[in-house]
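# Structure assessment
Residues per chain, in single letters:
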Amino acid sequence: MQTDIYRVNVGPIHPSTHGGLHAEAVMDGEIIQDVIVHLGYVHRSVEKIAESRTYQQFVPYTARLDYLATNLPVLGYCQTVEKLLGIEVPERAEYIRVIMAELSRIASHQIAIAATGIDLGATTGLMYGMRDRERIMNIFEMTGGQRLLSSYIRIGGVAADIPDDFIPAVRSFVNDVPQMIDEYNGLMTGNEIWAARMQGVGILNPEDAVKYGVTGPNLRASGIAYDIRKAEPYGIYDRLDFDIPTGSRGDSLDRWTVRIEEVRQSGRIIGQALDNLPEGEIIARVPKTLKPDPGKDIYHRIESAKGELGYYIVSDGGNKPYRLHVRAPSFINLMVLPLVCRGGVFQDIITNIATLDPILGESDR
Amino acid sequence: MNGQGLIKGLGITFKHFFQKEITEQYPDVMPQLAPRFRGCLQFEFEKCIACGICVNSCPNNVLSFETEKDENSKKKKLLSYTIDFQHCMFCNLCAEGCPKQCIYFDHNFELSSFKREDIKMVYLRPAEMDMREEESTNGQEQQESKEQKQIDAMQKALQKNPGKVLSKILEQEEDIIILSELMQSDEKTAGKIAELMVKDKEKAAKVAAGFVNKAKKNRAKTETAGEGGDAND
Amino acid sequence: MEALFVNLAAVLSGWLTSLGLSPIWADTVLLFVKWIIVITIITLNIIILIWLERKVSAFFQERLGPNRLGPFGIFQTIADAIKLLTKEDIVPSAADKLIFKTAPMFFIVVAVMLYTVIPMGQGMEVINLNIGLLFFISIGSLSTIALLMAGWGSNNKWSLMGAVRSVAQMVSYEIPLAFSLLGVVMISGSLNLQDIVAAQGKLWFIILQPIAFITYFIAATAELNRGPFDMPEAEQELTGGAYTEYTGMRWALFFLAEYTNLVAVSALMATVFLGGWQGPWLPSWLWIIIKTYGVILVFFWVKWTFPRIRMDHLMSFSWKVLVPVSLGNILLTGAGIYFCRWMGWC
C-alpha cells in the first residue's frame, strides 16, 4: 500500500503549545518522522527595547520574559546590573530575594504540573495545580502589588519591605507543600495511564543533553546533577542547604518527577531563608542614573525555573545598555524537541512539549 | 500498580467532591485586595510640583505633562498631565520616584472601556488653583513663609540625595562628597547652604567652596581619609 | 403509579381505535407518539446531563460550576443552546459539503435509534424486539460512520486524524463490548432485553458476571468516546478532532448525540447488569432512571479523574487485555452453567 508523509502544524494556535509554539510535525501515520520548531510567534524584540531604556526602566520588561516565574528573570537582570556596577546588596534584601525567587520557581513548576495535567487530559490536575499556585500569587500581591508580574525586585535590593502578614502566609504555604505534592502524585504520577503516557517517552540521553546545552530540570532529569545554585552560587545560595533531584532515564516521567521534587526542595530553601531572615536595609543606595564604565561587559547567570538564565550586557558608558542579550533556557531547551520526539507517536509531541516546559515569552523574546 | 493508582486517583477526586469550593464569586463578592495592590493610576493635580521624575522614570512613555513658567514666582506651573494608560505596565516606578506622592495606584482594577480614547486620562489645571495661588502671592508674610518652605524643601533634598543637589553649585565630584558628608554631620551648615541655595546661588557656591577647603585642610591634618563617603556615590 | 405510562398508552390506543382507525394505523400513530415522547425525554435529559456534568466536574475540581441562570444554574444549558442556535453556521470552503452537513444528523439519528429497544419500565419500550441486544450493539457501532464522515468531510488533518482514530478505536472495542455481553446472554438464554431483565429477578448479573461488567464498562467508555478514551475529540492534542471544523448547531448536534449515546449505554448497562427496572417500592420507570444516572455519574467520575490514554496503548489494551479477558469470561460462564446443571441448581 502506498503511504504518504504528511505535515501537521502543531501551533501556534493550538491548545497545548504553551503560548504560541509552532511545531511542524512530519508524520508517517501516527509515527513522528521529524518535528521542525518554528519560533518567533510572540517575538517582542525585548533585547532591542533594552537598548532604548535606562537600566532601571528595563527591569519591568525582564519580568515579561518568563512571566510564569516572574521574579527569577528580574532577579537575574538586577544581579547582572549590580555585578556590572559593583553594587553591594543588603543582607535582608538577599534573603527576601531568595524567598521570592524560590516562590517563583514553585509557581513556575506548578504551572508546569498543571499544564502537563491538562495536556495529557487530566483536567482535574490543572485545577489542583492552579489552586495551589493561587496562594503564591496572593503572596506576590501582598509584597509587590501585582499578582503575575509583581515588579518587586529592583537593582540594589527589593522595592519595599515585606508586610507583616508575609511571613505567616509563606510559612503556611511551605508547610502545605508536601501535602500538595502527595496530591499531585496520587492523582497523576501514580496513575497507570499517566505512567504509560510518560515512561520511555521523549528520552534525552545525558550526552545529547549536554551537547545541546540543555539546562535546568530537563538536564537534571537526564541524570546530570548540575544546578547553578550549587555550581556557581549567586546571592546567598551557598549558605542554604538543599538537594538537587535528578532522574535516571531522562524520559518525560523523570522530567515530571524532577519538577515535583524541586518544588519540595524550594520549599526547604524558603523555610531556611525565613528562619535566618535578618533585619536591616532592603535596598542599597543606588544612584538615580546608572552609568557603568564604557566598554565594560558582563555575563551573569542564575538558575531559573527552566534552566540557566543568563544576561550579557555591554555598556558604552551611557545610562542605557549598548547591547543586552538574554540567554533564555527555554529557547535552548526547545531545540531538543525534534530529537526527543522522533520515532514516537503523535501524542508524544504534546507530552514532550509539556514536560520540556518551555515558556515562549522567553524563547521568542 | 495494576490499577491501584487509578483507584487512588478516583479516591482523591471523590474526596474533593465534598470539599469546599475555592471559587471567588466575583463580581458578587469583591476580591480581598492587598494594601499594595496596583489597580488604576491616579494623579493629584494640586500636589504635583512638575518635577518630571515620573515622566523620566516611566519605561513606556505612559506619562506626559505640559508646564508653563510663571512670571511672578519664576516657578514651573503645571498646565496639564496626561496618563496614556493603555501602555502602562504597572511597574510602580513612577509612584516610587514621586517626591510628593501625587501619583499612585488605587485599588480599582475594572479598567475596561469601550473606546480607546477612554483609556487615556487627561488632567487639566483646575481654575480655582490659579485663584488660590494669586491670593497666596499677595502679602509679604506669605512670601516669606513661602521662602521658608522652599528652604525646608531644599534641606530635605540635601538630606535625601546631596550629591545631585550639590552638583549644581560644585563642579568637582570629590568636593561634593566631602561637603555632603560634612552636612550630614553638621545640621547648621546644611541649613545655611540650603538657605543660600534658595536665595543666591553664586554666594552659595562660594560659601560651599569655603567649607570644602576648610574640611580638606582638617583632613590633611588628621589623615583620616573619608572613604565612607564612597558609599553615597 | 407503576403502570402510569402503560395505561396512558392503552387509553390512547383505545381512543384511536374508537375513532375508526384500523389497528395497523392505530399502532403506527401510537409508535409515532412514543417516538415523540422518547425524543422529548432525550432532549430534556441532555439539558440536565450537560448541566450535571459541568456541575459534577466543577465539584471534583473544587469549583462551583454554572450557578447564574436559574436555581443552581440549571438553565445554563438552555442559554447555551440558544446561543448555539443563533451562531453563524460556517462550512469550510474546502469541505465536502454534503458529507460535512449530513454527518451530525446521521450521528444523532443513530444515537436516538438506540432507544428503540431499551426497556424503560415494566412493559415500557418502543418495540419489544426479540433480538434487542443485538440490535443495540449493531446500531451503536454505526456512529463510527458518522464520525468518519465528519472527519473526512471537514477536509482537515486534525479532523481526519480524529476520525481515523475513532474508527480504529470503535472497531477494536466493539469486540470486547459484544463478548462481555455474551455471558449475560448465555445465562439468561435470550437476546430480548425484557427477558434479560426478568432473568435478574433474584440476582443481578453484576454479581454473576463481575468480569463482564468491568470489561463492558471499559469498552463502553471507549465506545462513547469519553475520557480517558476520548481519542476522536482529544481537545489538547487534536484541537477537537473530528469536530474541529463544526460550529453552532452542527457542533451542538454532535454534542447532543454524545450525551444521547451516554444515556443509552448507561441505560443498557443498568438493564443488563443492574437488574433493569426492577426494584422495591418505587415504580419501575423511576428505578431505571435512578440506575442509569448512577452509571452516568460513575462515567463522569472516571472522565474527570483520569488522563487520556495513548492511542497505541488503547489499541493494545483492547486486543491484548480486554478481548482475552472477555473471551475467558465466556469460557468461565459456560463452565459455570454446566457446573450448575450438573449440580442441579438450575
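Only a predicted model underlies this, so the values are computations on that prediction, with no experimental measurement involved.

Attention shifts here to the overall build of chain A. What chain A contains, in helices and strands, is 15 helices and eight strands. For a compact globule of 365 residues, the expected C-alpha radius of gyration is about 21 Å, and chain A comes in at 20 Å, within 12% of that figure. Along the three orthogonal principal directions, the C-alpha set of chain A runs to about 75 × 45 × 35 Å. A buried classification covers 56% of the 365 residues belonging to chain A.

Here we come to the overall build of chain B. When you go through chain B residue by residue, the secondary structure sums to ten helices and five strands. In chain B, which comprises 233 residues, the proportion classed as buried is 21%. Of all intrachain contacts in chain B linking residues separated by at least 6 positions in sequence, the fraction that spans at least 24 positions is 67%.

Here we take up the interface of chain A and chain B. Across the boundary between the two partners, chain A contributes 24 residues, which contact 26 residues of chain B. Of the residues forming the side of chain A that touches chain B, the biggest block, five residues, is contributed by helix α5 (residues 123-144) of chain A. Its residues placed into classes, the side of chain A that touches chain B shows seven nonpolar, ten polar and seven charged.

This brings us to the interface of chain A and chain C. At the junction of the two partners, chain A supplies 25 residues and chain C supplies 21 residues. At the level of elements, β1 (6-10), α4 (91-119), α5, α7 (192-198) and α14 (346-356) of chain A are the ones that each hand at least two residues to the side of chain A that touches chain C. Per-class residue counts for the side of chain A that touches chain C are 14 nonpolar, seven polar and four charged.

What follows concerns the sheet that holds strand β5 (residues 120-124) of chain B. Residue and element names in this part refer to chain B. Read from one edge to the other, the open sheet built from three strands follows the order β2-β3-β5, with strand pairing classed as antiparallel. Two strands lie at the open edges of the sheet, namely β2 (63-69) and β5, each paired on one side alone. The sheet shows a mean angle of 15 degrees between the axes of neighbouring strands, direction not considered. Strand direction decides the pairing type here: strand β3 (residues 76-84) and β5, joined by five bridges, are antiparallel. From the neighbouring strand, Asp84 faces β5, where its bridge partner is Lys120.

The next point concerns the sheet that holds strand β6 (residues 297-303) of chain A. All names here are of chain A. The strand order β6-β7-β8 describes an open sheet built from three strands, whose pairing is antiparallel. Two strands in the sheet have a free side with no partner beyond their single neighbour: β6 and β8 (321-327). With direction set aside, neighbouring strand axes in the sheet form an average angle of 15 degrees. The sheet contact formed by strand β7 (residues 308-315) and β8 spans six bridges and is antiparallel. Its bridge partner being in β8, Ile313 is matched across the sheet by Leu324. On the sheet, helix α3 (residues 71-85) packs against β6 and β7 and is oriented at approximately 145 degrees with respect to β6.

Residues and elements named next belong to chain A. Closest axis-to-axis distance for the helix α11 (residues 252-275)/α14 pair is 9 Å, and the angle between their directions is 30 degrees. In this view, α11 runs roughly parallel relative to α14, as classed from their interaxial angle. Pair α11 / α14 crosses with left-handed handedness. Across the interface between the two elements, Ser252, Arg255 and Trp256 from α11 touch Thr351, Asn352 and Thr355 from α14. Split by residue class, the contact of α11 with α14 holds one nonpolar, four polar and one charged.

Turning our eyes to something else, we now look at helix α6 (residues 166-189) of chain A. Here α6(A) contains 24 residues, and its C-alpha end-to-end distance of 32 Å stays within 8% of the 34 Å for a straight helix at 1.5 Å per residue. Three or more residues of α6(A) are buried, namely A:Val170, A:Val174, A:Met180, A:Tyr184, A:Leu187, A:Met188 and A:Thr189. Buried residues in α6(A) make contact with α4, α5, α7 and α11 of chain A together with α1 (4-17) of chain B.

The next subject is the packing of α3(A) against α4(A). Residue and element names in this part refer to chain A. The contact between α3 and α4 brings their axes to 8 Å, and the two run at 140 degrees. It follows that α3 is oblique to α4 by the angle criterion. Each of Asn71, Leu72 and Leu75 in α3 lies in contact with α4, whose residues at this interface are Arg97, Met100, Ala101, Ser104 and Arg105. Looking at the contact of α3 with α4, its residues break down into four nonpolar, two polar and two charged.

It is worth spelling out the pairing of β7(A) at this point. Residue and element names in this part refer to chain A. Pairing between β6 and β7: seven bridges, direction antiparallel. Considered in β7, the bridge of Ile298 is made with Ile313. In this antiparallel pair of consecutive strands, β6 and β7, the connection spans four residues, and Gly307 shows a positive phi of 145 degrees.

Attention shifts here to the nonpolar core. Membership of the largest hydrophobic core comes to 200 residues, with the highest contact counts inside it found for A:Ile99, A:Leu337, A:Ile349, C:Phe107, C:Ala264 and C:Met269. The element best represented in this core is helix α12 (residues 248-273) of chain C, accounting for 18 residues. Of the residues that make up this core, three or more belong to each of domain 1 (1-84) and domain 2 (87-343) of chain C. Apart from residues no more than four positions distant in its own chain, C:Ala264 is found in contact with C:Ala111, C:Leu114, C:Tyr115 and C:Ile118. With 19 residues, the next largest nonpolar core counts B:Leu158, B:Leu170, B:Leu182 and B:Leu196 among its residues.

Here we come to helix α2 (residues 23-60) of chain C. The first and last C-alpha atoms of α2(C) sit 53 Å apart over 38 residues, in line with the 56 Å expected at 1.5 Å per residue. Those residues of α2(C) lying buried are C:Ile42, C:Ile46, C:Leu49, C:Trp51, C:Glu53, C:Lys55, C:Ala58 and C:Phe60. Tucked into the core, α2(C) has its buried residues touching α5 of chain A, α1 of chain B together with α3 (76-86), α4 (97-113), α12 and α13 (284-303) of chain C. At the C-terminal side of α2(C), C:Glu62 shows a positive phi close to 60 degrees.

Moving on, we get to the environment of A:Glu303. Residue and element names in this part refer to chain A. In this structure, Glu303 sits in strand β6. Residues Glu303 and Gly216 lie 87 residues apart in sequence; the distance between their C-alpha atoms is 7.1 Å. Beyond its immediate stretch of four places on either side in the chain, Glu303 contacts Asp227, Ile228, Arg229 and Glu308.

A few words now on the confidence of the model for chain B. All names here are of chain B. Looking at chain B, pLDDT values average 76 and 83% of them are 70 or higher. Element-level mean pLDDT values for chain B span from 67 in helix α5 (residues 127-137) up to 86 in strand β4 (residues 103-105). Residue range residues 225-233 is modelled with pLDDT below 50. Its contacts to residues more than four positions away, or to other chains, number 13 contacts. Reported confidence for the predicted complex is 0.81 by ipTM and 0.79 by pTM.

Looking now at unusual backbone geometry. B:Pro27 follows B:Tyr26 through a cis peptide bond whose omega is 5 degrees. With respect to the helices and strands, B:Pro27 occurs in the loop between α1 and β1 (41-43). Its identity is not glycine, yet A:Ser45 carries a phi of approximately 50 degrees, on the positive side. Tracing the backbone through its elements, the reader meets A:Ser45 in the loop between β3 (31-38) and α1 (46-51). The class for A:Ser45 is exposed, based on 10 C-beta atoms found within 10 Å. The phi dihedral of A:Asp357 is positive, around 50 degrees, even though this residue is not glycine. Overall, the presence of 28 C-beta atoms within 10 Å leaves A:Asp357 in the buried class.

About the thresholds
Residues numbered from 1 in each chain as written. Chains lettered and ligands numbered in written order. Predicted model: local features only at pLDDT ≥ 70, side-chain atom pairs only at ≥ 80, totals over all residues. Helix = DSSP H or I, 4+ residues; strand = E, 2+ residues; numbered from the N terminus. Rg over C-alpha atoms; globule rule 2.2 N^0.38 Å. Buried ≥ 20, exposed ≤ 12 C-beta atoms within 10 Å, placed from the backbone. Contact = placed C-beta atoms within 7 Å. Nonpolar A, V, L, I, M, F, W, Y, C, P; charged D, E, K, R; others polar. Pairing = 2+ DSSP bridges. Axes fitted to C-alpha atoms, helices over the stretch in contact; angles between N-to-C directions. Parallel < 35°, antiparallel > 145°, perpendicular 65-115°, else oblique. Left-handed = near helix turned anticlockwise from the far one by under 90°. Expected span 1.5 Å × (residues − 1). Core = buried A, V, L, I, M, F, W, Y, C linked by C-beta atoms within 7 Å. Domains from an automatic or database assignment. pLDDT = per-residue confidence, 0-100.

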